[in-house]
Amino acid sequence: MRLILPGFLLLLWPGLGAAAITMEVGENTGLRTWQWTHLGISLRLVQRLPDQTRAYLLGRGFPAAAADEAATSCFFGTMFRNDGTLPLDFDLNTWKVVQKGRETRMLVREFWKNKLSGGAVPKAARIALHWSLMPTQQHFEPGDYNWGMMVFGLSPGEYFDLHMQLELDGKPLAVTIPGLRCAPEELN
């Protein structure tokens, strides 16, 4: 099932028009996928069940308690593409997770590096998580893409809006994807 959602797009660069935001539910998985598209640039966000993330982290050597704590932090699989004609830059440190009027930051690579530096999680497991996450800062020329996980720091099943700050050809672009939902602990 595919739905087109009313998107909210603030443009600090006049004349670019509106973006498209779609949401679909996987027939076989029941997981939701959102996609924002604008001028050939797209961000795809796919829910990850906490059990998927637990299994992934356990398979890379995380202790069970650390894997469980991380897995319930709202992971999404993501793909960012620049199929447009203009260069794109982003810094996830400028993005906001907004829930019930409260703004928080995403849990980026540097957050996990600091959180896991205490020694309970083996170095190889920390490295695996680091390279699994979307880079905190990235530059995309036309034709570039990358994928990785993004972590929003919320509990399973919680809803939120994502406020993104991008630069398109050096000009600021502010985007909101409304109504995202962390995967629940279990699908119905």
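Please read all numbers here as calculations on a predicted model, not as lab measurements.

Definitions and limits used
Residues numbered from 1 in each chain as written. Predicted model: local features only at pLDDT ≥ 70, side-chain atom pairs only at ≥ 80, totals over all residues. Heavy atoms only, no water. Helix = DSSP H or I, 4+ residues; strand = E, 2+ residues; numbered from the N terminus. Polar contact = N/O pair within 3.5 Å; in protein donor to acceptor, adjacent residues only side chain to side chain. Contact = heavy atoms within 4.5 Å. Buried < 20%, exposed > 50% of the residue type's maximum accessible area, 1.4 Å probe, protein only. Pairing = 2+ DSSP bridges. Salt bridge = Lys/Arg side-chain N within 4 Å of Asp/Glu carboxyl O.

Some remarks on the side chain of T136
With respect to the helices, strands and loops of the structure, T136 is situated in the loop between α4 (123–132) and β10 (137–140). Here the side chain of T136 touches E110 through a polar contact of 2.6 Å, side chain to side chain. Among residues more than four places away in sequence, those in contact with T136 are F90, D91, L92, N93, V108, R109 and E110.

What about the pairing of strand β6 (residues 75–82)?
Among the eight residues in β6, six count as buried, and that is most of the element. Sheet topology note: the strand β5 (residues 41–47)/β6 ladder contains seven bridges and is antiparallel. For L45, the partnering residue across the bridge sits in β6 and is T78. Two elements, β6 and strand β11 (residues 145–151), share seven bridges in a ladder whose sense is antiparallel. Note that in β11 the partner of T78 across the bridge is G148.

Some details on the pattern of salt bridges
Summed over the entire model, instances satisfying the criterion amount to five salt bridges. D68 serves as the salt-bridge partner of R54, at 2.6 Å between the closest nitrogen and oxygen. Of the two residues, R54 is situated in helix α1 (residues 50–59) and D68 in helix α2 (residues 64–71); the sequence distance between them amounts to 14 residues. Among the residues examined, R54 registers a relative accessible area of 15% and is labelled buried. K115 is the salt-bridge partner of E69, the closest N and O atoms lying 2.8 Å from each other. Here E69 is found in helix α2, whereas its partner K115 is found in helix α3 (residues 109–115), with 46 residues between them in sequence.

Topic: unusual backbone geometry
Excluding glycine, a negative phi dihedral is what most residues carry, and trans is how most peptide bonds are arranged. Within the chain, L39 stands out as a residue other than glycine whose phi angle is a positive 50°. Of note, L39 is situated in the loop between β4 (32–38) and β5. For L39, a relative accessible area of 42% gives the class partly exposed. With a phi close to 55°, D169 is a non-glycine residue in the positive phi region. Looking at where D169 falls in the secondary structure, it is placed in the loop between β12 (159–168) and β13 (171–181).

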